[in-house]
Amino acid sequence: MEVEIGAVAHGGHCVARHEGRVVFVRHALPGELAVVLVTDDTGGSFCRGDAVEVLRPSADRVEPPCPFSGPGLCGGCDWQHASWDAQRELKAAVVEEQLQRLANVRRSVVVEELPGGPDGWRTRMRMAVGPERRAGFRGHRRHSVVVVDECVIAAPGALDEAVRREWAVGGELSITRDAGGQVHVTESGKPQPRNGRRAVPGRPIRRRGSGTAVELAAERTWRLDAEGFWQVHPAAADTLASVVRDWAGGEPGQLAWDLYGGVGLFASVLAGQVGPTGRVVVVESSHRAVQDGVANLSDLAQVEFRRGKVEDVLSSPDFVDQVPDVVVLDPPRKGAGKVVVGEIARRSPARVVYVACDPAALARDVATFAELGYQLAELRAFDAFPMTHHVECVALLVPRT
């Protein structure tokens, strides 16, 4: 079909319309005229497609730097066909639209670039192994593996071994290049079905590297599980920690919460603010992350870790009477949700610093906070995932005056 490409939408595509139906189009830019090949159509009010021919290109269109980017190819990047400035403008438009539509908040957003440019930044990635025993990335909304011999967004040297050798068919690779340049590769077996439901990753069958990644952020050296959570952009952890430091405003003797705290990156910042007479409570569900966090912050006696799901821990008897002065939370992509937001709001902390990797989830939680008496005071957005549709945001919420 030939369509006029409309506004950008959350998820790495633009919106077009054809014969009364919405078409979510990848590989296109707003204002373009394009021929679209439908790739997914279940017969409802919308379908999905790829722009396979651009009849009237946008001034922001560029030639994708990766030979594996394009319709039917690798699904890892969404905006390689857009200039870097245009990518950030598209992401800003998405954040603005999500906040307005889901939280009734009108705010102009600027997505700030991080050092290093749009290429060679990704330090953590997962690859799949195809039938020919070569590693690659899956197509967009597809299980098929696109075998690659390079990746323009991968950190230098990260994929050298992965693309050079053969692996077990159907397996997966978890790859980390840490701050010291050490590359850690874990090969897992073929994903196994679970009671007829979706497959789960197979057990690790081979590891290369020490398995312990060394990272630098917040003026500390961190040692953590190479497969554990850490920001994938080398400048992201330090940047986010700096914003948390600026907005948390903790004071000596106060109580701070670090929810979904991982190994304690933000807890280390909060600990410096509340001092030895204060307390920082980190809540994290990953057993290995808690182990790593305790080891990394052993010099900070005011930091304590509590393992468990955040919603369970906050409603547990020993947390019922805790009243934090400041709360920092960095939830997974689905957001914190009504239960966690409610547990935070009923304690009436003076400041809530919310780190978000999904603007829709952020907007939903901002709306819930608004219902409970909090307003969005500050917002910054960072291009921590160039070439993709993902964007990292930090929001400051304070009691409504």
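Just above sits the structure.
To keep things clear, this report deals only with the structure shown in the data block. (Residues numbered from 1 in each chain as written. Predicted model: local features only at pLDDT ≥ 70, side-chain atom pairs only at ≥ 80, totals over all residues. Heavy atoms only, no water.)

### Structural notes on the pattern of salt bridges
Alright, step 1. Counted by the stated rule, this structure contains 20 salt bridges.
Alright, step 2. Arg88 is paired through a salt bridge with Asp85; the nearest N and O atoms lie 2.7 Å apart. Taken together, the residues span about one helical turn, with Arg88 and Asp85 both in helix α1 (residues 84-103) at a distance of 3 residues.
Alright, step 3. In this structure, the salt-bridge partner of Glu166 is Arg133, at a minimum N-O distance of 3.7 Å. One end of the pair, Glu166, is in the loop between α2 (160-164) and β11 (172-177); the other, Arg133, is in the loop between β8 (124-129) and β9 (135-138), with 33 residues separating them in the sequence.
Alright, step 4. Residue class for Glu166 comes out partly exposed when judged on its relative accessible area of 42%.
Alright, step 5. Given a relative accessible area of 38%, Arg133 falls into the partly exposed group. (Salt bridge = Lys/Arg side-chain N within 4 Å of Asp/Glu carboxyl O. Helix = DSSP H or I, 4+ residues; strand = E, 2+ residues; numbered from the N terminus. Buried < 20%, exposed > 50% of the residue type's maximum accessible area, 1.4 Å probe, protein only.)

### Examining the sheet that holds strand β4 (residues 21-26)
Alright, step 1. Judged by pairing direction, the sheet is mixed, and its 6 strands sit side by side in the order β1-β5-β6-β4-β3-β2 without closing on themselves. The open sheet terminates on both sides in strands that have one partner only, identified here as β1 (2-4) and β2 (8-9). (Pairing = 2+ DSSP bridges.)

### Some points on the packing of aromatic side chains
Alright, step 1. Tallying each qualifying case throughout the model produces 5 aromatic pairs.
Alright, step 2. Look at Trp222 and Trp230: their rings are 5.9 Å apart centre to centre, the planes differ by 50°, and that puts the pair in the tilted class.
Alright, step 3. Seen in terms of ring centroids, Phe369 and Tyr374 are 5.8 Å apart; in terms of plane orientation they differ by 65°. Their pairing is edge-to-face.
Alright, step 4. Looking at Phe369, the relative accessible area reads 0%, which means it is buried.
Alright, step 5. Judged by relative accessible area, which is 3%, Tyr374 ranks as buried.
Alright, step 6. The ring of Trp84 is capped by Arg88, whose NZ or CZ atom sits 4.8 Å from the centre of that ring.
Alright, step 7. One residue, Arg165, lies across the ring of Trp167, its end atom 4.2 Å from the ring centre. (Phe/Tyr/Trp six-rings, centres within 6.5 Å; stacked < 30°, edge-to-face > 60°. Lys NZ or Arg CZ within 6 Å of the ring centre and 35° of its normal.)

### Section: the nonpolar core
Generally speaking, nonpolar side chains in soluble globular proteins are found buried as a group.
Alright, step 1. Within the largest apolar cluster, 67 residues are counted, with the highest numbers of intra-cluster contacts made by Met127, Leu265, Val280 and Val303.
Alright, step 2. Broken down by element, the residue count for this core peaks at 8 residues, all from helix α3 (residues 236-248).
Alright, step 3. Excluding residues within four positions of it along the chain, Leu265 makes contact with Ala217, Ala218, Trp222, Trp230, Ala237 and Ala241.
Alright, step 4. Among the nonpolar cores identified, the runner-up in size contains 40 residues, and Leu99, Ile344, Tyr354 and Val391 belong to it. (Core = buried A, V, L, I, M, F, W, Y, C linked by side-chain atoms within 4.5 Å. Contact = heavy atoms within 4.5 Å.)

### What about the environment of Asp238?
Alright, step 1. Within the element layout of this structure, Asp238 appears in helix α3.
Alright, step 2. Given the relative accessible area of 40%, Asp238 is considered partly exposed.
Alright, step 3. Each C-alpha atom, one on Asp238 and one on Leu265, is 9.0 Å from the other, the two residues being 27 residues apart in sequence.
Alright, step 4. In this structure, Asp238 is in contact with Ala217, Ala218 and Glu219, ignoring residues within four places of it in sequence.

### Things to note about the packing of α3 against helix α4 (residues 265-274)
The relative placement of two packed helices comes down to the angle between their axes together with the axis-to-axis distance.
Alright, step 1. At their nearest, the axes of α3 and α4 sit 9 Å apart, and the two run at 35° to each other. For α3 against α4, the interelement crossing comes out right-handed. Here α3 contributes Ala237, Leu240, Ala241, Val244, Arg245 and Ala248 to the contact with α4, which in turn contributes Leu265, Phe266, Val269, Leu270 and Gln273.
Alright, step 2. Looking at the contact of α3 with α4 residue by residue, the class counts come to 9 nonpolar, 1 polar and 1 charged. (Axes fitted to C-alpha atoms, helices over the stretch in contact; angles between N-to-C directions. Left-handed = near helix turned anticlockwise from the far one by under 90°. Nonpolar A, V, L, I, M, F, W, Y, C, P; charged D, E, K, R; others polar.)

### Some remarks on the environment of Glu96
Alright, step 1. Tracing the backbone shows Glu96 in helix α1.
Alright, step 2. Judged by its relative accessible area of 28%, Glu96 falls in the partly exposed class.
Alright, step 3. When the C-alpha positions of Glu96 and Val110 are compared, they lie 9.5 Å apart, and in sequence the two are 14 residues distant.
Alright, step 4. Among all residues touching Glu96, those that are not within four sequence positions of it are Val105, Arg107, Ser108 and Val109.
Alright, step 5. Within polar-contact distance, the side chain of Glu96 engages the backbone nitrogen of Val109 at 2.8 Å. (Polar contact = N/O pair within 3.5 Å; in protein donor to acceptor, adjacent residues only side chain to side chain.)

### As for helix α8 (residues 359-371)
Alright, step 1. The terminal C-alpha atoms of α8 lie 18 Å apart, and with 13 residues this matches the ideal 18 Å at 1.5 Å per residue to within 8%.
Alright, step 2. Of all 13 residues in α8, 10 are buried; the element is thus mostly enclosed.
Alright, step 3. For α8, the set of buried residues is Pro359, Ala360, Ala361, Leu362, Ala363, Asp365, Val366, Ala367, Thr368 and Phe369.
Alright, step 4. If you follow the buried residues of α8, they end up packed against α1, α7 (337-345), β22 (351-356), β23 (374-383) and β24 (392-399).
Alright, step 5. Measuring from the backbone nitrogen of Ala360 back to the side-chain oxygen at the start of α8 gives 3.0 Å, which picks out Asp358 as the cap.
Alright, step 6. Taken from the residues just after α8, Gly373 is the one with a positive phi, measuring 100°. (Expected span 1.5 Å × (residues − 1).)

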